[in-house]
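Structural description and commentary
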Amino acid sequence: MRWPLITLVVLALLGAIYVAEAVIAPFAFALFLIALVWPLQDRLQAYIPRLVALAVSILLLVVAFSGFASLIIWAFGRVGRWILGNLGRFQDLYNQMSLWFEEKGVAVASLWADHFNIGWLVGLTQKLTSQVNTTLSFWLVVLVYVILGLLEVEATARKVEALPNRRIAQVLLAGSAETGVKIRRYMVVRTLMSVLTGALVWAFAVLFGLPLAQEWGVIAFTLNYIPFIGPFIATLFPTLLAMVEFDTWQAVIVLFACLNVIQFVVGSYIEPRLSGSVLAMSPSVVLFSIFLWTFLWGIPGTFIGLPITIAVLTFCAQDPSTRWLAMLLGPPEETDCPLPEQSRREV
């Protein structure tokens, strides 16, 4: 009865996470941000009062997020204005594609009229407005959690150290410290790879003569933080623009293929070699975790899913009773998964 019971518990836990997204997701993002900001907070409060250090840390965090959001708004705004200024060219492309489909027996005009009408546009506008309001509320709650969490890090550590069960205390302390190190290194590597991807996309767009080269580079940089889905969107948008910019389909196919090569080389060849033991997981586990958390929480889950999996496996590696799970879900070669410090001392 052990494994069926474990399966039921896991399914019940995932169901609770899915239902309670509005409560758990902001808390998970807050823990993620605390892991990133705490070293700065800890270093600052060694020289200045703790509340002043907290204010500086939160200010830097807000500035970083505001700058990131401004880049996204600027890039997509420029692309949107370019599309509005070239609607005639998109209309010509639509007419050509409709004619081609109708020759094959597909009535595109009726499908367009049934699904893409004024009601659909109004509904889409309302949905986007609602999503913006939800996103702002979400990050406001996250910010409150981060402020409270940074104030309680040291007190929580002292409470864990005082636990009578030394085994649990050691797992929590060592797991938290190692998880923070891994998440910070993961974000450093992800940022470097995003910068490299954006620079390569910008350079290729300039060489290929694609309009809005800077904007495509910024979009590739920002969306690269969302695994799999982000790079796909960053590749799809320039391809759609190339369909009205270039006269031949061969040029569009070459553009699409080259952008995918850039994403593949950076994401599948360079990044794994820089991340090292941070992503000491099987590639299938990485893909599964991204799809699982995307299903549970949508786009936010796509971003936070991999850090959550890193944290879970890091905590599992701290205790002998669960270390087998970290090894089982680790990289294909066992030698690539280093043992934690406690295990090395035991050996």
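Predicted model, so just to flag it, every value in this text is computed and none were measured.

1. Quick word on the overall build of the chain
Across its full length, the chain carries 14 helices and zero strands. Secondary structure of the chain in N-to-C order comes out as α-α-α-α-α-α-α-α-α-α-α-α-α-α. At a minimum sequence separation of 6, the contacts of the chain that also span at least 24 residues come to 70%. Summing over all exposed atoms, the chain offers an accessible surface of approximately 20,700 Å²; the carbon and sulfur share of this is 72%.

2. Examining the nonpolar core
By size, the foremost hydrophobic cluster in this structure holds 35 residues, and its most contacted members are Val146, Leu150 and Trp297. Secondary-structure elements contributing two or more residues to this core are helix H2 (21–44), helix H3 (50–85), helix H6 (118–161), helix H7 (166–208), helix H11 (283–297) and helix H12 (299–316). If you tally residues by element for this core, the top one is H2, at nine residues. If near-sequence neighbours (up to four positions away) are discounted, Trp297 is found in contact with Ile17, Glu21, Ile24, Ala25, Ala28, Ile304 and Ile308. Listed in part, the 26 residues of the second largest apolar core include Ala75, Leu210, Ala213 and Leu259.

3. Here's the deal with the environment of Val62
By the element assignment, Val62 lies in helix H3. On the basis of relative accessible area, Val62 is assigned to the partly exposed category, the value being 35%. When the C-alpha atoms of Val62 and Leu143 are compared, they prove to be 8.8 Å apart, with 81 residues separating the residues in sequence.

4. A closer look at the packing of aromatic side chains
Counted under the stated rule, the structure contains 15 aromatic pairs. Note on Phe29 and Phe138: the rings are 5.4 Å apart at their centroids and 85° apart in plane angle, and the pair reads as edge-to-face. Taken together, the residues span a long stretch of sequence, with Phe29 in helix H2 and Phe138 in helix H6 at a distance of 109 residues. A relative accessible area of 19% means that Phe138 is categorised as buried. With a centroid separation of 5.6 Å and 90° between ring planes, the pair formed by Phe32 and Phe303 is classed as edge-to-face. Of this pair, Phe32 sits in helix H2 while Phe303 sits in helix H12, and the two are 271 residues apart along the sequence. Here Phe32 falls in the buried class, since its relative accessible area comes to 5%.

5. Some remarks on the pattern of salt bridges
In the structure shown here, the tally under the stated rule is three salt bridges. With a shortest N-O distance of 2.6 Å, Arg78 and Glu215 are connected by a salt bridge. A residue pair is termed long-range when its members are at least 10 positions apart, and Arg78 in helix H3 and Glu215 in helix H8 (residues 213–223) qualify at 137 residues. Since its relative accessible area comes to 37%, Arg78 is described here as partly exposed. Residue classification places Glu215 among the buried residues on the basis of a relative accessible area of 3%. The partner of Asp319 in a salt bridge is Arg167, with the nearest N and O atoms 2.6 Å apart. A residue pair is termed long-range when its members are at least 10 positions apart, and Asp319 in the loop between H12 and helix H13 (323–328) and Arg167 in helix H7 qualify at 152 residues. A relative accessible area of 7% places Asp319 in the buried class. Residue Arg167 is classed as partly exposed on the basis of its relative accessible area of 49%.

Calculation rules
Residues numbered from 1 in each chain as written. Predicted model: local features only at pLDDT ≥ 70, side-chain atom pairs only at ≥ 80, totals over all residues. Heavy atoms only, no water. Helix = DSSP H or I, 4+ residues; strand = E, 2+ residues; numbered from the N terminus. Contact = heavy atoms within 4.5 Å. Areas by Shrake-Rupley, 256 points an atom, 1.4 Å probe, with all protein chains shown as cover. Core = buried A, V, L, I, M, F, W, Y, C linked by side-chain atoms within 4.5 Å. Buried < 20%, exposed > 50% of the residue type's maximum accessible area, 1.4 Å probe, protein only. Phe/Tyr/Trp six-rings, centres within 6.5 Å; stacked < 30°, edge-to-face > 60°. Salt bridge = Lys/Arg side-chain N within 4 Å of Asp/Glu carboxyl O.

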